[in-house]
Amino acid sequence: MTKSRFNPWTWLWVTVATLYFFVPLWGTFDFSMRMKRGAFTFLAYEKVFADPKFLDSFRYSATMGVITVIVSIMLFVPTIYWIHLKLPRLRPVVELLTLLPFIIPVIVLVFGLIRTFSRPPFRMTQTEFTTDILITAGYVILSMPFMFRAVDVGMRAIDVRTLTEAAQSLGAGWLRVLFSVIFPNLRVAILSGSLITFATVVGELILADFLVRPALGPYMIVVGGGKAYEPAALGILSFGLTWICLGIIQLVSRGDVRLQPIGR
Amino acid sequence: MAFLEISGVTKHFGPDAGAAVDDFSLSIERGEFISFLGPSGCGKTTTLRVVAGFEQASAGSVHINGVDVSSVPANRRNVGMVFQAYALFPNMTVAENVGFGLRVAGQPAALIQARVAVMLELIRLPDYARRYPHQLSGGQQQRVALARALAVQPQLLLLDEPLSALDAKIRIELRSEIRRIQQELKLTTIYVTHDQEEALSLSDRIVVMNMGRIEQVGTPFEIYNYPRTAFTASFVGHLNLLPVQVTDAATGACTFEGTPLASSQPAPNKQAGSARLAIRPEELVLNGTGANRLSGRVLSVNFLGNVVRLRVRVGAVELSVDMFNERKLVLPAVDAQVVLSFPAHACWLMD
Amino acid sequence: MLASLWNYLGVLPFFAFIIAFLIFPATNLFAGAFQDAKGNFTLVNIQGLFSPYILKAYRTSLEVSLITSVSGGVLGFFVAYAITMGAAPRWVRSSLLTFSGLAANFGGVPLAFAFIATMGRTGFVTAILKSICYSAADASQVCPFDPYKAGFSLYSTVGLAVTYTYFQFPLMVLVITPAIEGLKREWREAAENLGASAWQYWWLIGFPVLLPSILGATLLLFGSAFGAYATAQALTGGSILLVTIVIGQQIRGDVLGDTNLGYALALGMVVVMAFCIALYALLDRRASRWLRR
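What this report covers is the structure whose coordinates are included nearby. (Residues numbered from 1 in each chain as written. Chains lettered and ligands numbered in written order. Predicted model: local features only at pLDDT ≥ 70, side-chain atom pairs only at ≥ 80, totals over all residues. Heavy atoms only, no water.)

**Some thoughts on the overall build of chain A**
Looking only at helices and strands, chain A has 13 helices and 0 strands in total. Taken along its principal axes, the extent of the C-alpha atoms in chain A is 75 × 70 × 30 Å. Counting across all 264 residues of chain A, residues that qualify as buried make up 54%. Taking all contacts inside chain A whose residues are at least 6 apart in sequence as the whole, residues at least 24 apart take part in 75%. For chain A, the exposed area adds up to about 12500 Å²; of that, 66% sits on carbon and sulfur atoms. Looking at charge distribution, chain A has the averaged site of its 24 positive side-chain charges lying 5 Å from that of its 14 negative ones. (Helix = DSSP H or I, 4+ residues; strand = E, 2+ residues; numbered from the N terminus. Buried < 20%, exposed > 50% of the residue type's maximum accessible area, 1.4 Å probe, protein only. Contact = heavy atoms within 4.5 Å. Areas by Shrake-Rupley, 256 points an atom, 1.4 Å probe, with all protein chains shown as cover. Lys, Arg positive; Asp, Glu negative; His and termini not counted. Charge placed at Lys NZ, Arg CZ, Asp CG, Glu CD.)

Structure (structure tokens):
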């Protein structure tokens, strides 16, 4: 039962995992630095940042990311709060609904959105503004499991019902309870959900591609089709962005990041 | 040699760590029910795990029935164990759990079935054979765990705080059940607990442990009434301590804030000076006739059911006084002046 | 009664949103699967799913998902086992878990780029393997490890599987680690105490208790690969016909010659996913009952 024994199997699997993680990353980095023959330079990165289309698409994706985060918070936080407080019996139903994006792949979701909303009476794909509304809705659906789970776990941890009753017994009104008691206690949960949502939206391809919006995903596909070194640089940059978002979550929540796979 | 002989067992976790168990020696006779009693971290569970074979002792040896088992692996010691968290196998029914030990020993199915039936009868759950652990209450799970440990007819039964996860009522019920089964099978048993009531009510002998060492070994009566160390005295039962000046070390005479008091034993260090006089709350009598008398003021009266506990201020100290409840009992009022008396044989001097 | 209606009003925006942008579009799509071009009810589209072209797409998708869920599942299980039960130091365990969280979320186009730069024709690892050469007896150069000469291609099903495994096995690590941690030390000790060997413990208790979790996690991996589109699209430019790729082509232009057949394709996909997730939920419930997570 002694635990400190050296176990070769353990190290074999740890090594295999580490190699699988890092060899592609190192390979990509190495590749991205070799644009100039015989030298190790950041030329590919310079080219990426010099491309106005990259900046435009990144700005578009980042903006959509922020909008999606805001809409998600406004839609989910009050709903989850209300369910915890007044309708706990509804929780399993809502939880099931938030898992639907697992069952309906994004490609199917976008297919359905186009079939439904590009036709009369909606005709939402006819102007850029209405398409952006549609794509935001899609992003919110896409990131729903992350946001819901983060906030739901946060609410369960603080026992909202008792907190609310305590605040009300001290004379606080509804809005005051929400803004000075519930939100501050959910900071970490909301921040975690927001960062995952943001990272998901910025790296997303399918919705933007099929709704023909100038986002980062479609831009990367175009670059990938025509160039050799810039895609590698973009890959490293994307990984860096994911790293930063998840790193912040790790930092604030001091727990392991548990996410779900959708939108690939 | 006794049936179970634990000699000089010492256990260090890691080279720099202090001793979790320090030079533990004990002889246990066949059929005895022994409790290891002490606060958490006192080494009682570690000692039990050394006997079971889950921990390797850093020094010392364990002999069961004359055989040195120190280097025998846990799965060949034939020692039954019941864990604190009901460690039933969740993927098996009650019957499969109870029959597990016989199954891995390669016994024929018919024999296993018969033995399982006997065991379930013993723990009074004959109709639960096909249930799964998650369908049972905590108390039932612990009964099954007991049956599982007994099914292989172990030479020794070890129980590691088996009742501490259960409700108070179930705990008392299961406690007497364990004692009944142990007596029925005349099984040598070691019972680890931090609950003095459990240890006092179950055991033939109690081993009080603190910081890896044995404080005292004795029958429940000895441990409670004649504690040999301050730790034992205060850990087992409630104890009042009066700071006194010893006036005659040989007879145990002393004074408390000028009032002379008599005790029946000599002072432990055989000399005059500061000491503490120990007395149990139930030995103090309100307005009684005992040789020693102290007057004080009632601070509080707590009704606990069968017992009424008073807090009485005497000089600079507060004493607890327990009175047996009865219908005609007249309770003193808070702030009332009372005289407490106790006989010389009820108290003893400690350092 | 009025008060409880008022309560339900609080969740109305949420339900309205979900219905409008998820349930309604999805059912609208599925309804299309049972309609012909004029909107009349028909089962022709469902029958159309059994045409060789579409069956092949389903087969490729199932193949890739099966391979990567098994390879990722096995690798992920052993890694999770190594970092929980093995003697790995604490920092190894926590950094591997962190990287798993990261890698499980690293998908889509950037992942494809990373593997092209690593295992593509001129990629980093390919170049290293290619350069391991020796001179044969007839003075010609022999390079035994050149992956593309040995028949490997990143732009094939195998290449796709290798790429997917990058997010599949970390996902397995994340899902199965809590289950392995849920194996109580007391079970092992109780088994040992009753005379069982280490092997008997694993065969009779450890493995059966973990089995629902392992199967459930593998199903989750399967679903995650089955629904993936972006990585495959970016890696192969749509030359491997997965179901998702065919649906994408159908949205872009009418490759099937029949929009309603596209709807049926999507419906078939959701049926497979729903089956996986339902089975996963069932297994997960059993696992959590046993492991009390």
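**Focus: the overall build of chain B**
Helix and strand counts for chain B come out as 8 helices and 20 strands. Its C-alpha atoms give chain B principal-axis dimensions of about 75 × 50 × 35 Å. For chain B, the share of sequence-separated contacts (at least 6 apart) that also reach a separation of at least 24 residues comes to 66%. As displayed, chain B has an accessible area near 15700 Å², and 51% of this comes from carbon and sulfur atoms. Here chain B contributes 32 positively and 32 negatively charged side chains, and the mean placements of these two sets differ by 4 Å.

**Here we look at helix H2 (residues 12–33) of chain C**
Residues and elements named next belong to chain C. Over its 22 residues, H2 extends 30 Å from the first C-alpha to the last, a length consistent with the 32 Å expected when each residue adds 1.5 Å. Along H2, the sharpest kink reaches roughly 45 degrees, centred on Ile19. Regarding H2, the residues found buried are Phe14, Phe17, Ile18, Phe21, Leu22, Pro25, Ala26, Asn28, Leu29, Phe30, Gly32 and Ala33. (Expected span 1.5 Å × (residues − 1). Bend = angle between axes of the 7 residues up to and from the residue.)

**Brief notes about helix H10 (residues 187–202) of chain A**
Residues spaced three or four apart along an α-helix face the same direction, because each turn holds 3.6 residues. Compared with an ideal rise of 1.5 Å per residue, which puts 16 residues at 22 Å, H10(A) spans 22 Å between its outermost C-alpha atoms and is within 8% of the ideal. Across the 16 residues of H10(A), 13 count as buried, placing the element largely inside the fold.

**A word on the state of the cysteines**
Taken as a whole and judged by the stated rule, the model has 1 disulfide over all chains. At a sulfur-sulfur separation of 1.9 Å, the disulfide partner of Cys133(C) is Cys143(C). The sign of the S-S torsion, about 100 degrees, decides the handedness of the disulfide formed by Cys133(C) and Cys143(C): right-handed. Here Cys143(C) lies in the loop between strand S2 (141–142) and helix H8 (157–181) and Cys133(C) lies in the loop between helix H7 (124–130) and strand S1 (134–135), a separation of 10 residues in the sequence. For Cys133(C), a relative accessible area of 30% translates into the label partly exposed. Here Cys347(B) stays free of any disulfide, with the sulfur of Cys254(B) as its closest cysteine sulfur at 7.0 Å. Its relative accessible area of 1% is what places Cys347(B) among the buried residues. (Disulfide = S-S within 2.5 Å.)

**Some remarks on the packing of aromatic side chains**
By the definition in use, this model includes 40 aromatic pairs over all chains. Here the aromatic rings of Phe54(A) and Phe58(A) are separated by 6.1 Å at their centres, their planes lie at 25 degrees, and the arrangement is stacked. Separated by 4 residues within a single helix, Phe54(A) and Phe58(A) lie in helix H3 (residues 52–85), roughly one turn from each other. Judged by relative accessible area, Phe58(A) falls into the partly exposed class, the value being 33%. Relative to Phe83(B), the ring of Phe54(B) has its centre 6.2 Å away and its plane inclined at 35 degrees; by these criteria the two rings are tilted. With Phe54(B) in the loop between helix H1 (44–52) and strand S4 (59–64) and Phe83(B) in the loop between strand S6 (79–82) and helix H2 (94–104), this pair connects stretches of sequence that are 29 residues apart. One aromatic cluster in this structure is built from Tyr20(A), Phe21(A), Phe22(A), Phe239(A), Trp243(A), Phe99(C), Phe106(C), Phe115(C), Tyr166(C) and Phe169(C). The side chain of Lys11(B) reaches across the aromatic face of Phe13(B), ending 5.1 Å from its centre. (Phe/Tyr/Trp six-rings, centres within 6.5 Å; stacked < 30°, edge-to-face > 60°. Lys NZ or Arg CZ within 6 Å of the ring centre and 35° of its normal.)

**A short note on the interface of chain C and chain A**
Contact with chain C, which involves 85 residues of that partner, is made by 78 residues of chain A. If you sort the residues of chain C by the area they bury against chain A, Phe14(C), Phe21(C) and Phe113(C) come out on top, with a joint share of 9%. In this structure, the connection of chain C to chain A is made through 1 salt bridge. Asp209(A) is paired through a salt bridge with Arg252(C); the nearest N and O atoms lie 3.2 Å apart. Applying the counting rule to chain C against chain A returns 9 residue pairs in polar contact (both at pLDDT 80 or more). Tallying contributions element by element places H2(C) first for the side of chain C that touches chain A, with 15 residues. Looking at the side of chain C that touches chain A residue by residue, the class counts come to 60 nonpolar, 23 polar and 2 charged. (Buried area = accessible area lost by both parts, 1.4 Å probe. Salt bridge = Lys/Arg side-chain N within 4 Å of Asp/Glu carboxyl O. Polar contact = N/O pair within 3.5 Å; in protein donor to acceptor, adjacent residues only side chain to side chain. Nonpolar A, V, L, I, M, F, W, Y, C, P; charged D, E, K, R; others polar.)

**Considerations on the sheet that holds strand S17 (residues 307–314) of chain B**
All names here are of chain B. Strand order in the open sheet made by the 5 strands is S15-S19-S16-S17-S18, with antiparallel pairing throughout. Edge positions in the sheet fall to strand S15 (285–286) and strand S18 (317–324), since each has one partner strand and no second. One ladder, built from 6 bridges, connects strand S16 (residues 292–303) with strand S19 (residues 337–342); its direction is antiparallel. Pairing of Gly296 across the sheet is with Val338, part of S19. (Pairing = 2+ DSSP bridges.)

**Side note on the sheet that holds S4(B)**
Residues and elements named next belong to chain B. Taken in spatial order, the 4 strands line up as S2-S1-S4-S5 in an open sheet, and their pairing is antiparallel. The open sheet terminates on both sides in strands that have one partner only, identified here as strand S2 (19–28) and strand S5 (67–68). Across 5 bridges, the pairing between strand S1 (residues 4–12) and S4 is antiparallel. In the sheet register, Ile6 faces S4, and the bridge partner there is Val62. Strands in contact with H1 are S1, S2 and S4; relative to S2, the strand with the most contacts, it is inclined by about 60 degrees. (Axes fitted to C-alpha atoms, helices over the stretch in contact; angles between N-to-C directions.)

**Considerations on the environment of Met323(B)**
Residues and elements named next belong to chain B. Positionally, Met323 belongs in strand S18. Each C-alpha atom, one on Met323 and one on Ala272, is 33 Å from the other, the two residues being 51 residues apart in sequence. Excluding its chain neighbours within four sequence positions, the residues that come into contact with Met323 are Leu286, Asn306, Val307, Val308, Leu310 and Leu329.

**A few points about the pairing of strand S9 (residues 205–210) of chain B**
Residues and elements named next belong to chain B. Within S9, 5 of the 6 residues are buried, leaving the element largely enclosed by the surrounding structure. One ladder, built from 5 bridges, connects S9 with strand S10 (residues 213–218); its direction is antiparallel. The residue bridging Val208 from the neighbouring strand is Gln216, located in S10. Count of turn residues in the S9/S10 antiparallel hairpin: 2 residues, of which Met211 carries a positive phi of about 50 degrees.

**Points about the interface of chain C and chain B**
The interface of chain C with chain B comprises 21 residues on the first partner and 25 residues on the second. Summed over both sides, the interface of chain C with chain B buries roughly 2100 Å², with 62% coming from carbon and sulfur. Connecting chain C to chain B are 1 salt bridge. With a shortest N-O distance of 2.6 Å, Arg49(B) and Glu189(C) are connected by a salt bridge. For the pair chain C and chain B, the number of links is 7 residue pairs in polar contact (both at pLDDT 80 or more). Elements supplying a minimum of two residues to the side of chain C that touches chain B: helix H9 (185–193), helix H10 (198–226) and helix H13 (259–291) of chain C. Residue contributions to the side of chain C that touches chain B peak at 8 residues, all from H9(C). Grouping the amino acids of the side of chain C that touches chain B by side-chain chemistry returns 10 nonpolar, 4 polar and 7 charged.

**Looking at unusual backbone geometry**
All names here are of chain B. Not every positive phi belongs to a glycine, and Met211 is a case in point at roughly 50 degrees. Considering the arrangement of structural elements, one finds Met211 in the loop between S9 and S10. On the basis of relative accessibility, which here comes to 66%, the residue Met211 falls in the exposed class.

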